[in-house]
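# Fold and geometry: a report
Now for the letters of each chain:
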Amino acid sequence: MYKIVRKEVLNSQVKLLEIEAPYVARKAEPGQFIILRVDEDGERIPFTIADYDREKGTVTIIFQEVGATTIRLGKMTEGDNLADFVGPLGVASHFEDVKKAAVIGGGLGVAIAYPQAKKLHSMGVSVDFIAGFRNKEILFLEKEMTAVSDRLFITTDDGSYGTKGFVSDVLKKLLDEGNEYDVVIAIGPPIMMKVVSEVTRPYGIKTIVSLNPIMIDGTGMCGGCRVTVGGETKFACVDGPDFDGHQVDFNELIRRLSMYKRDEKAAIERHQCRLEGKTNA
Amino acid sequence: MPNMSLKKVSMPEQDPEVRNKNFEEVALGYTEEMAIEEAQRCLNCKHKPCVAGCPVNVQIPEFITLITEGKFEEAYDKILETNSLPAVCGRVCPQETQCEERCVRAIKGESVAIGRLERFAADWAINNAKRDYEKVPSNGKKVAVIGSGPAGLACAGDLVKLGYEITIFEAFHLAGGVLVYGIPEFRLPKSLVQKEIDVLLEQGVKIQTNMVIGKVLTIDELFEEGFDAVFIGSGAGLPTFMNIPGENLNGVYSANEFLTRINLMKAYKEGAETPIKHGNAIAVVGGGNVAMDAARCAKRLGAEKVYIIYRRSEAEMPARLEEIHHAKEEGIIFKVLTNPTRILGDDEGWVKGIECVEMELGEADASGRRRPIAKEGSEHVIDVDTVIMSIGTSPNPLIRSTTPDLSTNKWGCIVADEETGQTSKEGVFAGGDAVTGAATVILAMGAGKKAAAAIDEYIKNKE
């Protein structure tokens, strides 16, 4: 069993859990992910590692309540135990010869972009952090982002905080103003990573994206996480999850992510029924 | 007097039209009377040709004799002496090419139903006998076993009896390897697998789930943690695809993914959290046991049409005859001498058909099977909404990529001595599909046992 030692509510939909998993904490690196099951009948769901503490033996995940499992996860409290927690999986991010980086997070992706910025910052890399949210209400980690970046740019879709617009607009502006980056790291919804990759393509800036396809085992066994990168099929779980954004077939990724949309909806409805004590008529 | 009937006592089965709609076991097993009647067909040959055909040397005439005497629990104990998974082996071993093939009774008539009798003894003991397993006192030596599939379980089972402290590291949340994620419930009930694993736990074997060796710990770190030897039985878990256009369309599965969703994650159950696509017309590409399993699962999920698409003829199919027979009975449609060339998708990227060519058989190839050759202009489309690729698996690279001094061959299989399982790295032994590539449960168990003996030797000699 894997104990939840800390829970934070970051906004109405996004929560943070710090979980006791000493073996995982010992090896975890930014860019890697874990797979957990809430309980004995639970599905296996991957989460990118948001933080880790080797001394305390804990790993932190940040998630949005979008499906039956994440809603259930959100109901758990400090002291509760998760049935399963396996990792670290995937290849850790590599930053070599980087002096100046733009780290971009969109929505929940900010939670995963943050440890990347933190790592780069600790290596002495100059970091411009661009974080995008739908609105001010769901903004999170502002203090933390400030601490690990040279400049922080926040955007909201509705202009309720920071710059109105998308992260890609800010990046475009920075590039047009003559800012140069050795690498751009973009983490967020596939469509945002796609747009960012298109912004950097003409500039020839190396752009790393972190993909989140559907998977079961996370060790290369199911092949469900197939993504096309540079015309070749890769398994995101063992070859990624980081890939060159200029090579990724985002349309295929988005399509494959929709594979169980209907099942997810049904699962949430079932879950709501249970919560509210309704029975199927 | 032995029972001289030329035929095996037949084993009751669920009716095909009933069973192809449920996930309960197909074969129902012998009653006590049937078992004794069948056991009496054994001639108790002095030279025991059957035992020589068994990769784990089950003392076959001895356990069968005990069945004739009604000593069912003793029969089970006799099997357990050399085989830690009798209920599993009685169901999934290809007896027809092993023990039963060598049975003297098979010279004229059918062999003794050794597999069915093994299954009977195991089921009887599991259901009727309250058993306590004693822990052998520890000899203070620790062995790490990577993978809890047939190879790892067999290795652990033998070593724990010799007093070794065994820890099995399993990547999934549940022990059993291919026995729980791959082989379907209707061929091998998961509760039985669990019961046979429980016996090992009672004998003192420890199992740590959620441990992906190669990621969370390397082999070298296992030695640093105080293990005296390591056995790698990590299987062949990496699915192969055909590399034809359309393989990444929505609705294309590897057999591994399809079967794991169903068997390990119970996606076939109403209200299961893990989803699976319930197709209406499904193409399973491949002709092995895994392809038969996938096809029969697909049928049980409610598919109207399930096709097996195989590029050679039925005679070359690697699946057991029994599996092919069962699949046909259940209404699986066989399209042999047929090879996919691409998968077709609709406007939204979902599978809508599979384009195939007809094949004919030419000269024999290196494997001794006649090489299939495409007939020109024979392209045709089979309308399906789901495709399951079941054309083989290869060993997972996670361990070899983090263990530089472990030699592997060009297929990624670990190089290990056939008799001992010794690898290129001192103190590291390997066996099962990780060494041979995809093979059978029983061959993996045999390799696990040989490695156990070699590990015992190795540790004793080191002192």
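Below you will find a few notes about this structure. (Residues numbered from 1 in each chain as written. Chains lettered and ligands numbered in written order. Predicted model: local features only at pLDDT ≥ 70, side-chain atom pairs only at ≥ 80, totals over all residues. Heavy atoms only, no water.)

## Examining the overall build of chain B
Let me state the cut-off plainly: Secondary structure is summarised from DSSP: a helix means a run of H or I of at least four residues, a strand means a run of E of at least two, and numbering begins at the N terminus for each. In this setup the radius of gyration rests on C-alpha atoms only. A globule is expected at 2.2 Å times the number of residues raised to 0.38. A 1.4 Å probe rolled over the protein chains alone gives each residue an accessible area, and that area as a share of the maximum for its type sets the label: buried under 20%, exposed over 50%, partly exposed in between. Throughout, a residue-residue contact means that at least one pair of heavy atoms, one from each residue, lies within 4.5 Å. Computed with the Shrake-Rupley method and a 1.4 Å probe, the accessible areas treat only the protein chains shown as cover for residues.
Within chain B, the regular secondary structure consists of 17 helices and 16 strands. Relative to a compact globule of 463 residues, whose C-alpha radius of gyration would be 23 Å, chain B shows 23 Å and is just as compact. Looking at chain B as a whole, 60% of its 463 residues are labelled buried. In chain B, once contacts between residues fewer than 6 apart in sequence are set aside, the share between residues at least 24 apart is 70%. A total accessible area of about 18,600 Å² is found for chain B, and carbon and sulfur atoms account for 50% of it.

## Here we look at the packing of aromatic side chains
The line we're drawing: Two rings from Phe, Tyr or Trp (for Trp, the six-membered ring) form a pair when their centres sit within 6.5 Å of each other. Planes less than 30 degrees apart are called stacked, planes more than 60 degrees apart edge-to-face, and all others tilted.
In this structure the tally under the stated criterion is 12 aromatic pairs over all chains. Ring geometry for Phe235(A) versus Phe241(B): centroids 6.4 Å apart, planes at 85°, classification edge-to-face. Taken together, the positions of Phe235(A) in strand β16 (residues 232-235) and Phe241(B) in the loop between β5 (238-239) and β6 (252-254) put the pair across two chains. For Phe235(A), a relative accessible area of 11% gives the class buried. For Phe241(B), a relative accessible area of 12% translates into the label buried.

## Notes on unusual backbone geometry
The residue after Gly87(A), namely Pro88(A), is reached through a cis peptide bond having omega -10°. A cis amide bond, omega 10°, links Gly240(A) with the succeeding residue Pro241(A). Position of Pro241(A) among the secondary structure elements: in the loop between α7 (236-239) and β17 (242-244). At Leu337(B), a residue that is not glycine, the phi angle is positive and equals roughly 50°. If you trace the backbone, Leu337(B) turns up in the loop between β9 (333-336) and β10 (338-345).

## A word on the side chain of Asn339(B)
Its location among the elements puts Asn339(B) in strand β10. Excluding residues that lie within four positions of it along the chain, Asn339(B) makes contacts with Met242(B), Arg311(B), Glu355(B), Cys356(B), Val357(B) and Met359(B).

## Focus on the packing of helix α13 (residues 289-300) of chain B against helix α14 (residues 321-329) of chain B
All names here are of chain B. The criterion, for reference: All axes here are fitted lines through C-alpha atoms, helices being fitted over the stretch that makes contact, and every angle between N-to-C directions spans 0 to 180 degrees. By the definition adopted for this analysis, an angle is roughly parallel if under 35 degrees, roughly antiparallel if over 145, roughly perpendicular if from 65 to 115, and oblique otherwise. In this scheme the crossing of two helices becomes right-handed for a clockwise turn of the near helix relative to the far one and left-handed for an anticlockwise turn of less than a right angle. We call Asp, Glu, Lys and Arg charged. Ala, Val, Leu, Ile, Met, Phe, Trp, Tyr, Cys and Pro are nonpolar, and the rest, Gly among them, are polar.
Packing of α13 against α14 leaves a shortest axis separation of 10 Å and a crossing angle of 20°. If you check the angle between α13 and α14, you find them roughly parallel. When the axes of α13 and α14 are compared, the crossing they make is left-handed. Listed contacts from α14 to Asn 289, Met 292 and Arg 296 of α13 are Glu 323, Ile 324, His 326 and Ala 327. By residue class, the composition of the contact of α13 with α14 is 3 nonpolar, 2 polar and 2 charged.

## Regarding the side chain of Ser390(B)
All names here are of chain B. Worth spelling out the cut-off: Any N or O atom pair separated by 3.5 Å or less is treated as a polar contact, with the protein-specific requirement of one donor-capable and one acceptor-capable atom, and with residues adjacent in sequence counted only for side-chain atom pairs.
Take Ser 390: it is sitting in the loop between β14 (386-389) and β15 (393-394). The class for Ser 390 is buried, based on a relative accessible area of 9%. Looking at Ser 390, its side chain comes within polar contact range of the main-chain nitrogen of Ala 291, at 3.1 Å. Those residues in contact with Ser 390 that sit more than four places away from it in its chain are Ala 255, Val 284, Val 285, Gly 286, Val 290 and Ala 291.

## Quick word on the environment of Thr70(A)
Residues and elements named next belong to chain A. Within the fold, Thr 70 resides in helix α2 (residues 68-75). Separated by 17 residues in sequence, Thr 70 and Asp 53 place their C-alpha atoms 23 Å apart. A polar side-chain atom of Thr 70 sits 3.5 Å from the main-chain carbonyl oxygen of Gln 64.

## Here we look at the packing of helix α2 (residues 32-39) of chain B against helix α7 (residues 114-128) of chain B
All names here are of chain B. Interhelical geometry of α2 versus α7 gives an angle of 140° and a closest axis separation of 10 Å. When the interaxial angle is binned, α2 and α7 end up oblique. Both α2 and α7 take part in a crossing whose hand is left-handed. Each of Glu 32, Ala 35, Glu 38 and Ala 39 in α2 lies in contact with α7, whose residues at this interface are Leu 117, Phe 120 and Trp 124. Grouping the amino acids of the contact of α2 with α7 by side-chain chemistry returns 5 nonpolar, no polar and 2 charged.

## Focus: the nonpolar core
Put simply, the test is: As used in this record, nonpolar core signifies buried Ala, Val, Leu, Ile, Met, Phe, Trp, Tyr and Cys residues forming a set joined through side-chain atoms within 4.5 Å.
Core analysis: the largest hydrophobic core is formed by 74 residues, its most contacted members being Ile60(B), Phe63(B), Ile67(B) and Ile166(B). Among the elements that make up this core, the one with the highest residue count is helix α17 (residues 441-462) of chain B (10 residues). Those residues in contact with Ile67(B), other than ones at most four positions away along the chain, are Ala35(B), Ile36(B), Ala39(B), Phe72(B), Ala75(B), Leu117(B), Phe120(B) and Ala121(B). Grouped together as the second largest cluster of nonpolar side chains are 53 residues, Leu257(A), Phe241(B), Ala281(B) and Val285(B) included.

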